[in-house]
Structures are given as structure tokens and as C-alpha cells.
Amino acid sequence: GLQTTPECKMAQSSTFPEVVELNVGGQVYVTRFETLTAVPRSLLWTKFTQCTPADLPKDSKGRFFFDRDGFLFRYILDYLRDSELFLPEFFKERKRLQKEADFFQLPELSRRLAVASKDSSSAEDSGEPEEAELTSPVTSSSSSDRPLRSPGGNSGYITIGYRGTYTIGRDIQADAKFRRVARITVCGKISLAKEVFGETLNESRDPDRPPDKYTARYYLKYNFLEQAFDRLAETGFHMVACNSTGTCSYGSNDPSEDKLWTSYTEYVFCR
């Protein structure tokens, strides 16, 4: 017979809506009930077939809450939805994703991630690119029946912007106050921004936006442009354009005082 978790009562699937809203670590997902229960004996299958809605924790808006990595959950959901998984090129978080697969009790996904990690290590030694596609027989359907993912699904643009100030005195070597960056803004698709910057992304000005939407209100938790550039380069992005505007003023009405330069610059990256 079916085993129930200690905190859950036996329930019928009809007690949950056909379309389910989730809050995973602060990231909102909307998916079908049948997707969440696609893998028998998994944690989500157990929660949504052996429990009632009243048994599960919810956030302030009534969405079912799981205190896990909200960004990596998109790959868990892809695996449940499509019976296969495509990871971005230069994906750096296989071990963390494997940990999430273990938590959600998806042993086949965890096993394939472990194999892929070994293969990628071998590929690095041999100079061969790592394989980004992982398949899994979640269902009995043939590969020809499975929905196809667009090969450009993980491509896109990210724009980095910053406003900087410079003060250059009469003795440039002694008095120059070099670039001061107040805030680095991130504009683009939510899923791409989260993939690149992860926990270093501050979402407080535009929270609870779905992964397929766009924002111009995110910014980074640090003020080093090169740190942002490194993250973009590591995830396969290349700079394709930049532009800058600037103004110059004196610190006071005295022309002999230090000059204050203010600039706004944007860098456009593409993958």
C-alpha cells in the first residue's frame, strides 16, 4: 500500500487545483498538478498526493512554500515537465542541483547529474566541451513524443548599467579620486539574470516576478564592475555593445577647485 508521511493525511488528488502556484525560496512558479506528481515516490509526488492543501506550508499569498533554492528549482521543474533536462553551457552548479535532486527525491536525476559531472571533468582534461543535455525516462513515451526545447531557449541579452563619479584634482597623481560606483543595475530576462548572478542579485525593487518576464529594476549587491563581468563571462556571455554619457562640473564656483565628473554607462552582453 501507499505510505503517507507522518505530517500528512491520506488525500485525493482532486483536493488540489489543476494549476498550482509555488513559492520556492522566494521565487514564484506556476505549474500543473500532473507535472508536480510526474515521478512516483518523489517528494513532490508525496506532498501533493498524500497530503491535503491544509497540510502544506503557504506564504502570505496562499502559494505552497518550499524553503529551497528558488533558481535551481526551474531545472527540477523542467525535468518533471519534459522528461529531460537541458542545462546551459558553462553551467557551474551541477553539484548544487544534484543536492536539490536528492532533496526532492529524484534519484534518477541525481544519478545522471553525478555521471554528467564526471563526464565534464573528463572533458575538461581532454579539452572537449561538456554535454549540456540530460535525458531521463520519467515516462514511457518515446523520445519522438516528447516536447522539443528551443535550442536558443537559454540565449538572450543582459544590460549592465552604472552611474559613476570621478574627482580629478590639480595634481592628478596625488588628488585623483577614482571611479566610485553607487549601484550596478541589471536589465533583462528574469531567468537569465538569476542564472548569471544568483544570490548576488538584489530583487527588492521588483520582487515576485516570473522567470519568463523582464525587469529593469534589479541591481547587484556589490559595486565592482569587473566582478559582474567575470560572472557574465563564466556563464558564456560576451559584450556586444556599450555606451556612456558624462558631464563635468567644478566642486564649487571656483574654477581652481577639483573637477567632478559624472557618467552613466551601459554594457550590453549576449549569449
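Now for a look at the structure at hand. (Residues numbered from 1 in each chain as written. Predicted model: local features only at pLDDT ≥ 70, side-chain atom pairs only at ≥ 80, totals over all residues. Heavy atoms only, no water.)

## Overview of the sheet that holds strand E1 (residues 19-24)
In sheet architecture, strand pairing relies on hydrogen bonds along the backbone and comes in two forms, parallel and antiparallel. On the basis of which strands lie adjacent, the open sheet formed by three strands has the order E2-E1-E3 and mixed pairing. Only two strands of the sheet have a single partner each, and these edge strands are strand E2 (27-32) and strand E3 (64-66). Strand-to-strand twist in this sheet, taken as the mean axis angle between neighbours without regard to direction, amounts to 30 degrees. In this sheet, E2 lies alongside E1 in antiparallel orientation, the contact comprising six bridges. In the strand pairing of E2, Glu21 is matched with Val30. With respect to the sheet, helix H3 (residues 73-82) is in contact with E1 and E2, its orientation differing from that of E2 by roughly 5 degrees. (Pairing = 2+ DSSP bridges. Helix = DSSP H or I, 4+ residues; strand = E, 2+ residues; numbered from the N terminus. Axes fitted to C-alpha atoms, helices over the stretch in contact; angles between N-to-C directions. Contact = heavy atoms within 4.5 Å.)

## Describing the environment of Ala216
For Ala216, the position within the fold is in strand E9 (residues 214-220). Sequence separation between Ala216 and Gly161 is 55 residues; the distance between their C-alpha atoms is 9.9 Å.

## Observations regarding unusual backbone geometry
In this structure, Arg41 takes a positive phi of about 75 degrees despite not being glycine. In this structure, Arg41 sits in the loop between helix H1 (33-36) and helix H2 (43-49). One non-glycine residue, Gln105, lies in the positive phi region at around 55 degrees. Tracing the backbone shows Gln105 in the loop between helix H4 (94-103) and helix H5 (107-126).

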